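So the chains spell out like this:
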Amino acid sequence: MPSGLVALLDDISVIAKAAAASIDDVGAAAAKAGSKAAGVVIDDAAVTPSYVTEFTPDRELPIIWKITKGSLRNKLLILLPAALLLSEFVPWAITPLLMLGGLFLCYEGAEKVLEKFGGEKHGETLGDEITDMAGFEKDRVSGAIRTDLILSAEIMAISLAEVAGETLLNRAMILAAVAVVITVMVYGAVALIVKMDDIGLHMVENRKTAFARSIGRGLLHAMPVVLALLSSVGTLAMLWVGGGILLHGSHELGLHGPSEIAESARHAVEAATGPLAGLLGWLTYAVASAIVGLIMGMLVVLALHKVLKVGHKDH
């Protein structure tokens, strides 16, 4: 009996060590996979504040929390099962589905560009007379969650590509870890960004030192500029991420011309710019992606609003 107990304890020890090693492997793989998706994470953080910043301060954090919960649902309840099923049974469908999502981002970005240059607005803004503020807020949150779904799909796809050789269970744990960590990082950063002016006001009104109050005043003066810049960066992010998805997807499907032109431009800039090669090469490819995204987005806008009359307003 004692020898049986010792054997059982030995077996438990072996299992525990194996489980600990597996957890370490999952953590390392999740960190690697998440780092590969860093560019899309930055885009996500840039896009989201534009859905929040026009509201009164008391509604900003509740709205961010609603979007955060929607983002977690997107990743854990929709994208994670879909990614695992697709990777197991129909891996060929991943690229076309991502391209559809990329085209949606291009459409959203192109529509925002047209609105910035005086085009017709589709949907209410705070500049309009809003009779149902709760409904308006709900629509804004829904729009943010829809955009998050596409960006999250790209994050999950990039992460999935990095862990394709893992077992199904490990893939699930790694993607779940990436989903939670990235969501917390992105929306934590967004919350900090949109509340920075309130932090500045608090410092001006409550800090005793002149230095602290001057920092507070600096934050108050800087944040409108930062938020306006983020709004523009968010629009550009939709275009360059969407265009980048289309370039990469078309290459995967056998249409190499557009992606090869963008890659050739990047390599030419890298060869000519020495120490700044990495940054300027990336910027060149991002600009090429954004141009593709704008062109494709404009075509979708034209098809929806002028041909099919979806979202069209009669005057």
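Residues numbered from 1 in each chain as written. Predicted model: local features only at pLDDT ≥ 70, side-chain atom pairs only at ≥ 80, totals over all residues. Heavy atoms only, no water.

Focus: the packing of helix α8 (residues 210-252) against helix α10 (residues 277-307)
Convention followed: The axes used here are C-alpha line fits, helices contributing only the stretch in contact, and every angle between their N-to-C directions lies in the interval 0 to 180 degrees. Helix and strand labels come from DSSP, where a helix needs a run of H or I of at least four residues and a strand needs a run of E of at least two; each type is numbered from the N terminus. An angle counts as roughly parallel when it lies under 35 degrees, as roughly antiparallel when it exceeds 145, as roughly perpendicular when it falls between 65 and 115, and as oblique in every other case. What makes two residues a contact is simply this: any of their non-hydrogen atoms within 4.5 Å. Under the scheme applied, nonpolar residues are Ala, Val, Leu, Ile, Met, Phe, Trp, Tyr, Cys and Pro; charged residues are Asp, Glu, Lys and Arg; polar residues are all the others, including Gly.
The N-to-C vectors of α8 and α10 enclose an angle of 90°; their axes lie 7 Å apart at closest approach. One way to sum up the angle between α8 and α10 is to call them roughly perpendicular. Counted together, Leu239, Trp240, Gly243, Gly244, Leu246 and Leu247 of α8 and Trp282, Tyr285, Ala286, Ser289, Ala290, Val292, Gly293, Leu294 and Met296 of α10 form the full contact between these two elements. Split by residue class, the contact of α8 with α10 holds 11 nonpolar, four polar and no charged.

Remarks on the nonpolar core
Counted only if it meets this: In these notes, a set of buried Ala, Val, Leu, Ile, Met, Phe, Trp, Tyr and Cys residues joined through side-chain atoms within 4.5 Å is what counts as a nonpolar core. In this scheme, a residue with accessible area under 20% of its type's maximum is buried, one over 50% is exposed, and one in between is partly exposed, where area comes from a 1.4 Å probe on protein chains only.
Ranked by size, the top nonpolar core spans 37 residues in total, and within it Val52, Ile64, Ile67 and Leu175 carry the most contacts. At the level of secondary structure, the elements contributing two or more residues to this core comprise α3 (57-89), α4 (94-116), α5 (133-162), α6 (168-194) and α8. The element best represented in this core is α5, accounting for 11 residues. Not counting chain neighbours up to four residues away, the residues in contact with Val52 comprise Glu60, Ile63, Ile64, Ile67, Arg140 and Val194.

A few points about α8
Here is the rule we go by: What a helix is expected to span follows from its residue count: subtract one and scale by 1.5 Å. What we call the bend at a residue is the angle made by axes fitted to the seven residues finishing there and the seven residues starting there.
For α8, with 43 residues, the first-to-last C-alpha span of 58 Å sits near the 63 Å given by 1.5 Å per residue. The largest bend along α8 measures about 35° and falls at Ala222, with the proline Pro224 one to four residues further on. Following α8 by one or two positions, Gly254 has its phi on the positive side, about 105°.

Structural notes on the packing of aromatic side chains
We apply this condition: The aromatic pairing rule takes the rings of Phe, Tyr and Trp, using the six-membered ring of Trp, and pairs them if the centres are within 6.5 Å, calling planes under 30 degrees apart stacked, those over 60 edge-to-face and the rest tilted. Distance and angle both matter: a charge sits over a ring if NZ of Lys or CZ of Arg is within 6 Å of the ring centre and within 35 degrees of the ring normal.
Enumeration according to the criterion identifies two aromatic pairs in this entry. Geometrically, the ring pair formed by Trp240 and Trp282 is edge-to-face, given 6.0 Å between the ring centres and 85° between the ring planes. Separated by 42 residues along the polypeptide, Trp240 in helix α8 and Trp282 in helix α10 bring together distant segments of the chain. We classify Trp282 as partly exposed; its relative accessible area is 44%. Positioned over the ring face of Tyr285 is Arg266, at 4.6 Å from the centre of the ring.

Re a nonpolar patch on the surface
Filter applied, for reference: Patch criteria: residues need more than 30% relative accessible area and no salt bridge. Like-charged residues are merged within 9 Å; nonpolar side chains of Val, Leu, Ile, Met, Phe, Trp and Tyr are merged within 5 Å. Note that accessible areas follow from Shrake-Rupley with a 1.4 Å probe, and for residues the cover is restricted to the protein chains shown. We define a salt bridge as a contact between a side-chain nitrogen of Lys or Arg and a carboxyl oxygen of Asp or Glu at a distance within 4 Å.
A cluster of nonpolar side chains, namely Leu276, Leu279, Trp282, Leu283, Val287, Ile291, Ile295, Met296 and Leu299, defines an oily patch on the protein surface of about 850 Å² accessible area. Its place among the elements puts Leu283 in helix α10. The class for Leu283 is partly exposed, based on a relative accessible area of 40%.

A short note on the confidence of the model for the protein
Rule in force here: pLDDT: the predictor's confidence for each residue, scored from 0 to 100.
With 79% of its residues at a pLDDT of at least 70, the protein reaches an overall mean of 79. Mean pLDDT values for the elements of the protein range from 50 in helix α1 (residues 2-36) up to 93 in helix α9 (residues 257-272). Across residues 11-23, confidence stays below pLDDT 50; counting only partners more than four residues off in sequence or on other chains, it has two contacts.

Some words on the side chain of Thr183
Inspection of the secondary structure assignment puts Thr183 in helix α6. Here Thr183 falls in the buried class, since its relative accessible area comes to 1%. Apart from the residues within four sequence positions on either side, Thr183 is in contact with Thr68, Ser71, Leu72, Lys75 and Gly188.

Quick word on the pattern of salt bridges
Going through the model one piece at a time under the given rule, you end up with seven salt bridges. In this structure, the salt-bridge partner of Lys195 is Glu60, at a minimum N-O distance of 3.4 Å. Highlighted residues: Lys195 in the loop between α6 and α7 (196-206) and Glu60 in helix α3, separated in sequence by 135 residues. Among the ionic contacts, a cluster of salt bridges with common partners joins Arg59, Lys66 and Glu137.

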